[in-house]
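A structural walkthrough
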Amino acid sequence: ILTRWQSNIGYSGQNIALLKFTTVLFLAAHWMACGFGLLGQLQDDNAGWPSKERQRWQDDLLPGSPSHSDYYITSIYWSMMTITSIGYGDIFPLNTHERVFTVLCMLTGGCIWAQLIGSATAIMTSLDHQTLNFQQKIDDINNVMEEQNVER
């Protein structure tokens, strides 16, 4: 589909690549949020150590009877903070299942974030062709001058 758009509409390869990486970022955040929210809802309220007041991440954050959108918005907030490695620390795992899921999300999110930042940087540096060509010509001239022992 993206290749057809590129040829029919005339999107540049750089724009298509940025669109792909942004889509992957948002899909990963969505799936992590769904998993984290579902994990908290599936656990038994009485699981864990009896001395702990909170057994799940949402026990204090979402008191009463929160709606599905409350769970999702809180979970998507957590997943974006995890992927981008900001991690404010206001939402954190409280039991082993949540910790294992969080570690997997941190590993996956870190790889996705590194790929996105690296690709975006590579694309941004290649956008200005005239400057790159000029700098390459100056470098070539300097190399020839150095080889020929020309004084500056």
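A few points on the structure. Just so you know, these numbers come straight off a predicted model, no measurement behind them.

Helix and strand content of the protein chain: six helices and zero strands. Helices and strands in the protein chain line up, N terminus first, as α-α-α-α-α-α. Per-residue burial for the protein chain yields a buried fraction of 26% across its 152 residues. Counted over contacts in the protein chain with a minimum sequence separation of 6, partners at least 24 positions apart contribute 61%.

Another aspect to go through is the nonpolar core. Met32, Trp78 and Ile83 are the most contacted members of the largest nonpolar core, which has 13 residues in total. For this core, the secondary-structure elements that each account for two or more residues are α2 (13-42), α4 (68-83) and α5 (96-126). If one sorts the elements of this core by residue count, α2 sits on top with six residues. Apart from residues lying up to four places away in sequence, Met32 is in contact with Trp78, Ser79, Ile83, Phe101, Cys105, Thr108 and Gly109.

What follows is about the side chain of Thr74. Checked against the element boundaries, Thr74 lands in helix α4. Classification of Thr74 as buried rests on a relative accessible area of 15%.

It is the contact of α4 with α5, at a shortest axis distance of 8 Å, that shows an interaxial angle of 60 degrees. With respect to their mutual orientation, α4 and α5 come out oblique. Contacts between α4 and α5 involve Trp78, Thr82 and Ile83 from the former and Phe101, Thr102, Cys105, Met106, Gly109 and Trp113 from the latter.

For α4, spanning 16 residues, the distance from its first C-alpha to its last is 22 Å, which sits close to the expected 22 Å at 1.5 Å a residue. Here α4 has its buried residues at Tyr71, Thr74, Ser75, Ile76, Trp78, Ser79, Met81, Thr82 and Ile83. Looking one or two residues past α4, Ser85 carries a phi angle of roughly 60 degrees, positive in sign.

Rules behind the numbers
Residues numbered from 1 in each chain as written. Predicted model: local features only at pLDDT ≥ 70, side-chain atom pairs only at ≥ 80, totals over all residues. Heavy atoms only, no water. Helix = DSSP H or I, 4+ residues; strand = E, 2+ residues; numbered from the N terminus. Buried < 20%, exposed > 50% of the residue type's maximum accessible area, 1.4 Å probe, protein only. Contact = heavy atoms within 4.5 Å. Core = buried A, V, L, I, M, F, W, Y, C linked by side-chain atoms within 4.5 Å. Axes fitted to C-alpha atoms, helices over the stretch in contact; angles between N-to-C directions. Parallel < 35°, antiparallel > 145°, perpendicular 65-115°, else oblique. Expected span 1.5 Å × (residues − 1).

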